[in-house]
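Observations on the model geometry
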Amino acid sequence: MQSSQIYLSRSAFSHNIALFRKLIGPKSKFTAVVKSNAYGHGLLATASIALDAGADYLGVNSLEEALSIRRVFSKATILIMGSIPHLKERVAELADENFWVMVSRIEEMELLAKLSPTPKIHLKVDTGMSRLGIPHQNAEVIAKEIAEKKLPLTGIATHFASTEDFTEHSHSMLQLGNFQDTIDTFAKHGFIDLICHCASSASAMLFSEARMDLVRVGISLYGLWPSLETKLSLSLMKKDVGMLKPALTWKTQIQHIQNLNPGTFVGYGSTFKTTHETRLAVVPVGYYEGLDRKLSNHGYMLVHGERAKILGRICMNMTMLDITHIPDAKIGDDVVIIGKSGNEMISADDHATWTGTINYEVVTKILGSFPRIIED
Ligand SMILES: *Cc1c(COP(=O)(O)O)cnc(C)c1O
């Protein structure tokens, strides 16, 4: 048994995918975004569950992720969303007719077009995020060049910069307008049935116009909200998309217990000092395993359905907990880091609030080398 166990709930994934299916209708396809080790949930375990649950396509960031999936799932359609470093040297590895590769430059299209089988080429358009993609202002010139060079283009895509961050969506609407104009420009140059896509979790939930031919759903596939603002926006718009179900549970076990006298220091830097007799538990999880060090003296884990406060600094591989109020707790008992215990629950959002980040970062940081255990 490992020092941590990461459980994935198949039924939670199915529930979240069904929720999006209902939302997006039959015309739009569902891309399960499994980049970055499936947001820490485990790449292959998640890919397998998502495909079983009826995801149409898988979305990844890197060529490496696409190749890992390909070794196991020979037929899956894989959308590679990130730019591929050293493309020239690695291009041969992309010869796969079920790879959909998002590119930002014509040189990249030319490299891919030479392959056999030819992967599907999707052009990224920068409509207001200033990250990747052709500038939407250059759509006319670029559409013309692609048409003249007879490059095979099958899709066109963009990405929103701030749908998650605000309840006011003028920037997203501006981007959507720019994207629609770009699609029209390409249509004028003969690209009439491109696969068009722009929506991630938040925009798929919020804007029906953004769902287009496929949605690229990451965070909400895992049962997490893109942000509180997304939830708030939906309620302001009087839209009810339903409940998401978190798919991941992170558990460990008590490794050691000590009784401390009042006035005893705990951990590196002696940042905590007991004020009363304290029963302290040590768990074998620290920042190496993916716990944010900002949880030091801040934040909780669950023992026997009760919150146990983190005492002192998070160590590299260990954390100390106050279990004074949980007298039955003993060595070997389960400790829930993320998930439910009795009537209590600690979510990735709680961790994000405690550490000043977003739920995306919390789950993505969970150590990748623990096996992911699939439950029903
Ligand atoms: C990560 C990513 C997504 C998924 O975003 P979520 O907010 O997690 O749903 C969609 N599209 C692109 C291009 C991405 O990089």
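Our subject is the structure that appears above.
Residues numbered from 1 in each chain as written. Predicted model: local features only at pLDDT ≥ 70, side-chain atom pairs only at ≥ 80, totals over all residues. Heavy atoms only, no water.

**With respect to the state of the cysteines**
Applying the stated rule across the entire model yields zero disulfides. The structure places no disulfide on Cys 198, whose sulfur is separated from the nearest cysteine sulfur, that of Cys 196, by 8.7 Å. The buried category is assigned to Cys 198, whose relative accessible area is 0%. (Disulfide = S-S within 2.5 Å. Buried < 20%, exposed > 50% of the residue type's maximum accessible area, 1.4 Å probe, protein only.)

**What to know about the site of the ligand**
The environment of the ligand is formed by Lys 35, Tyr 39, Met 81, His 159, Ser 200, Ser 201, Arg 216, Val 217, Gly 218, Ile 219 and Tyr 360. Separating an oxygen atom of the ligand from a side-chain N or O atom of Tyr 39 is a distance of 2.5 Å. Contacts to the ligand include Ile 219, whose backbone N or O atom sits 2.8 Å from an oxygen atom. About the coverage of the ligand: the protein hides 92% of its 390 Å² of free accessible area. (Near = heavy atom within 4 Å. Polar contact = N/O pair within 3.5 Å; in protein donor to acceptor, adjacent residues only side chain to side chain. Areas by Shrake-Rupley, 256 points an atom, 1.4 Å probe, with all protein chains shown as cover.)

**Notes on the pattern of salt bridges**
The final tally for this structure, using the stated rule, is 17 salt bridges. Here Asp 52 and Arg 10 are joined by a salt bridge, their closest N and O atoms 3.0 Å apart. With Asp 52 in helix H3 (residues 43-52) and Arg 10 in helix H1 (residues 10-24), this pair connects stretches of sequence that are 42 residues apart. Overall, the relative accessible area of 56% leaves Asp 52 in the exposed class. Linking Lys 188 and Glu 140 is a salt bridge whose minimum nitrogen-to-oxygen distance equals 3.3 Å. Here the residue Lys 188 occupies a position in helix H8 (residues 170-188), and Glu 140 occupies one in helix H7 (residues 139-148), the gap between them amounting to 48 residues. In the salt-bridge network here, residues are joined through shared partners; they are Arg 10, Asp 52 and Asp 376. (Salt bridge = Lys/Arg side-chain N within 4 Å of Asp/Glu carboxyl O. Helix = DSSP H or I, 4+ residues; strand = E, 2+ residues; numbered from the N terminus.)

**Focus on a nonpolar patch on the surface**
Taken together, the side chains of Leu 232, Leu 236 and Met 237 present a nonpolar region at the surface, about 290 Å² in accessible area. For Met 237, a relative accessible area of 34% puts it in the partly exposed group. (Patch = residues over 30% accessible without salt bridge, like charges linked within 9 Å, V, L, I, M, F, W, Y side chains within 5 Å.)

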